[in-house]
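Here are the chains, one letter per residue:
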Amino acid sequence: MIEKLDAIDIKILKVLQQNAKLTTKELAEAVHLSPSPTFERQKRLEREGYIQKYVAIVDPNMAGNDMMVLCNIRLKQHGKEYAREFVDAVKEMEEVTECYNTSGDFDYIIKVFVRNMPHYQDFVLNRLGEMESIGSVHSVFVIGTVKCLHSVPVAK
């Protein structure tokens, strides 16, 4: 799909990833285009799914989540029922902010934000531990963030 984008579309995506609160006029100035075509391009990028949504990025610590944990999950078996149970449950857990189906030693990696160690223990025992589909959980506690971008590279 990237072939459908020209240099201005790519610039719009890059600029909006840095600041989605820009007005159409400010965005137009940043991409060196007049506001009307800039607005139309932005709406097309939204319609076509390049822009999925606009969000506020909240500082996890300021929101009371002092721990980030990456959990490597191994299912008991590779079957539709086990996978469906796990995926459906994870989608409902507010502590889980990201979930990836992976290859290798583990089936899924989830990113979890919790207040503290007792909260994480409760999460593992009473949320993950209640799922029949999970065979094992390997927890990696994040002690510091070196780089955390909420943007993706956009290139042609």
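Once rolled over the atoms, a probe with the size of a water molecule shows which space is left empty. Size it by volume and the largest pocket reaches roughly 1,800 Å³. In terms of lining, the largest pocket is formed by 45 residues, of which the most central are Val-55, Ile-57, Leu-149, His-150 and Ser-151. Those elements that place two or more of their residues in the lining of the largest pocket are helix H1 (7-18), strand E1 (67-75), strand E2 (96-101) and strand E3 (108-114). Across the lining of the largest pocket, the residue classes tally to 23 nonpolar, twelve polar and ten charged.

The strand order across the open sheet formed by four strands is E2-E3-E1-E4, and the pairing between neighbours is antiparallel. The two strands at the open ends of the sheet, each matched to only one other strand, are E2 and strand E4 (134-141). Each adjacent strand pair in this sheet contributes to an overall mean axis angle of 20°, direction not counted. In this structure, E1 lies alongside E3, joined through seven bridges in antiparallel fashion. Within E3, the residue paired with Val-69 across the bridge is Val-112. Along the sheet face, helix H4 (residues 80-91) touches E1, E2, E3 and E4 and points at about 25° away from the line of E3. Of the strands in this sheet, E1, E2, E3 and E4 are in contact with helix H5 (residues 117-128), which crosses E4 at around 165°.

To continue, consider the pattern of salt bridges. Any two side chains of opposite charge can pair if their charged atoms end up close together. A complete count under the given rule lists nine salt bridges for this structure. The salt bridge involving Lys-4 is made with Glu-48; its shortest N-O contact spans 3.8 Å. Taken as a pair, Lys-4 in the segment before H1 and Glu-48 in the loop between helix H3 (35-47) and E1 lie far apart in primary sequence, 44 residues in all. Residue classification places Lys-4 among the exposed residues on the basis of a relative accessible area of 52%. The class for Glu-48 is partly exposed, based on a relative accessible area of 29%. We note a salt bridge from Glu-46 to Lys-43, for which the minimum N-O separation is 3.2 Å. With Glu-46 and Lys-43 both in helix H3 and three residues apart, the pair spans about one turn of that helix. Using a relative accessible area of 31% as the deciding quantity, one classes Lys-43 as partly exposed. Connected via shared salt-bridge partners are Lys-4, Asp-6, Asp-9, Arg-41, Arg-44 and Glu-48.

Rules behind the numbers
Every residue gets a number counted from 1 within its own chain, in the order that chain's sequence is written. pLDDT decides what is reported in this predicted model: residues at 70 or higher carry local features, side-chain atom pairs at 80 or more are listed and counted, and totals for whole chains, interfaces and linings draw on all residues regardless. To get the side-chain values, take all heavy atoms of the structure and skip hydrogens and water. Buried and open spaces are told apart on a 1 Å grid over the protein atoms alone, a cavity being a set of points where a 1.4 Å probe fits but cannot get out and a pocket being an open set with protein on both sides within 12 Å along at least five of seven lines. Residues with an atom within 4 Å of a point are the lining residues. Grid points are joined across faces, edges and corners, and a volume is the space filled by probe spheres set on the points. Each helix is a run of DSSP H or I of at least 4 residues and each strand a run of E of at least 2, with the numbering of both proceeding from the N terminus. The residue classification treats Ala, Val, Leu, Ile, Met, Phe, Trp, Tyr, Cys and Pro as nonpolar and Asp, Glu, Lys and Arg as charged. All others, Gly included, are polar. Strands are treated as partners if at least two bridges between them are detected by DSSP. To get an axis, fit a line to the C-alpha atoms, keeping to the stretch in contact for a helix; angles then go from 0 to 180 degrees between the N-to-C directions. Throughout, a residue-residue contact means that at least one pair of heavy atoms, one from each residue, lies within 4.5 Å. Note on definitions: salt bridges are taken to be side-chain nitrogens of Lys or Arg within 4 Å of carboxyl oxygens of Asp or Glu. Per-residue accessibility, obtained with a 1.4 Å probe over protein chains only, is compared with the maximum for each type, and a residue is labelled buried under 20%, exposed over 50%, and partly exposed between these values.

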